[in-house]
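# Examination of the molecular architecture
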Amino acid sequence: MKQIFALLSGLIFGFGLIISGMSDPAKVLNFLDVFGTWDPSLAFVMGGAIAVTAPGFAWLTRSRSRPFFDTEFRIPSRTDLDPKLLTGAVLFGTGWGLGGFCPGPALTALPIAATGTLIFVPFMLAGMWLARHTPDLSLPLSKGATQWPTP
């Protein structure tokens, strides 16, 4: 049942990206081109998503002690900015600015085999693999340990 709802959520998200035009990298790049052909529609799509999600998320976390398909809500508790987070943010922003894609729209646009998508997605997957297999150098090695802990 959990996988069915995950699939349905992904399909709804993907259709929303297609309907809003956010699977088109030119639309995203025009949003980033503030001094050229600026297109503010991405801000309206993000604002609409926040306007729907925030109240629903607040209501759900207050009215239930746990999610439907898990034992607890997994809400981030860290408030610091560590080097791994900052590096990831810089790489994500650079990839988004150069390619015009972030992960959701890239996967949504993959079936149309756009040239940019066929280049972006393999690099995105390589970056995800690298992020998962890069040791967190901000954690000290425990006494007697010979390798960095895996996240």
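Note that the structure is a prediction, hence the values are computed from the model and not measured.

## Remarks on the overall build of the chain
When helices and strands are tallied, the chain shows six helices and zero strands. Listing the helices and strands of the chain from first to last along the sequence gives α-α-α-α-α-α. Within the chain, the proportion of its 151 residues that are buried is 15%. Within the chain, residue pairs in contact and separated by at least 24 positions form 37% of the contacts whose partners lie at least 6 positions apart. If you sum the accessible surface of the chain, you get close to 11,500 Å²; carbon and sulfur atoms cover 72% of it.

## Remarks on the pattern of salt bridges
Using the criterion set out here, one finds five salt bridges in the structure. The residue Arg-74 makes a salt bridge to Asp-70 at a minimum N-O spacing of 2.8 Å. What makes Arg-74 exposed here is its relative accessible area of 58%. Overall, Asp-70 belongs to the partly exposed group, its relative accessible area being 23%. The shortest N-O distance in the salt bridge between Asp-82 and Arg-78 comes to 3.8 Å. Judged by relative accessible area, which is 56%, Arg-78 ranks as exposed. Through salt bridges that share partners, Asp-70, Glu-72 and Arg-74 make up one connected network.

## So, helix α1 (residues 2–20)
If you check α1, its first and last C-alpha atoms are 27 Å apart, about what 19 residues at 1.5 Å a residue would give, namely 27 Å. Taken from the residues just after α1, Gly-21 is the one with a positive phi, measuring 85°.

## Digging into the environment of Pro-40
Structurally, Pro-40 is set in the loop between α2 (25–32) and α3 (41–63). Under the relative-accessibility criterion, Pro-40 is labelled partly exposed at 28%. The spatial distance from the C-alpha of Pro-40 to the C-alpha of Lys-27 is 9.2 Å, given a sequence separation of 13 residues.

## Overview of the environment of Ala-43
Locating Ala-43 in the fold gives a position in helix α3. Through-space distance from the C-alpha of Ala-43 to that of Val-28 is 10.0 Å; in sequence the pair is 15 residues apart.

## A closer look at a nonpolar patch on the surface
A contiguous nonpolar patch, built from Met-1, Ile-4, Phe-5, Leu-7, Leu-8, Leu-11, Phe-15, Ile-18, Ile-19, Phe-68 and Phe-69 and spanning about 1,200 Å² of accessible area, is present on the exposed surface. Note that Phe-69 resides in the loop between α3 and α4 (83–99). Phe-69 sits in the partly exposed class, given a relative accessible area of 36%.

Conventions used here
- Residues numbered from 1 in each chain as written.
- Predicted model: local features only at pLDDT ≥ 70, side-chain atom pairs only at ≥ 80, totals over all residues.
- Heavy atoms only, no water.
- Helix = DSSP H or I, 4+ residues; strand = E, 2+ residues; numbered from the N terminus.
- Buried < 20%, exposed > 50% of the residue type's maximum accessible area, 1.4 Å probe, protein only.
- Contact = heavy atoms within 4.5 Å.
- Areas by Shrake-Rupley, 256 points an atom, 1.4 Å probe, with all protein chains shown as cover.
- Salt bridge = Lys/Arg side-chain N within 4 Å of Asp/Glu carboxyl O.
- Expected span 1.5 Å × (residues − 1).
- Patch = residues over 30% accessible without salt bridge, like charges linked within 9 Å, V, L, I, M, F, W, Y side chains within 5 Å.

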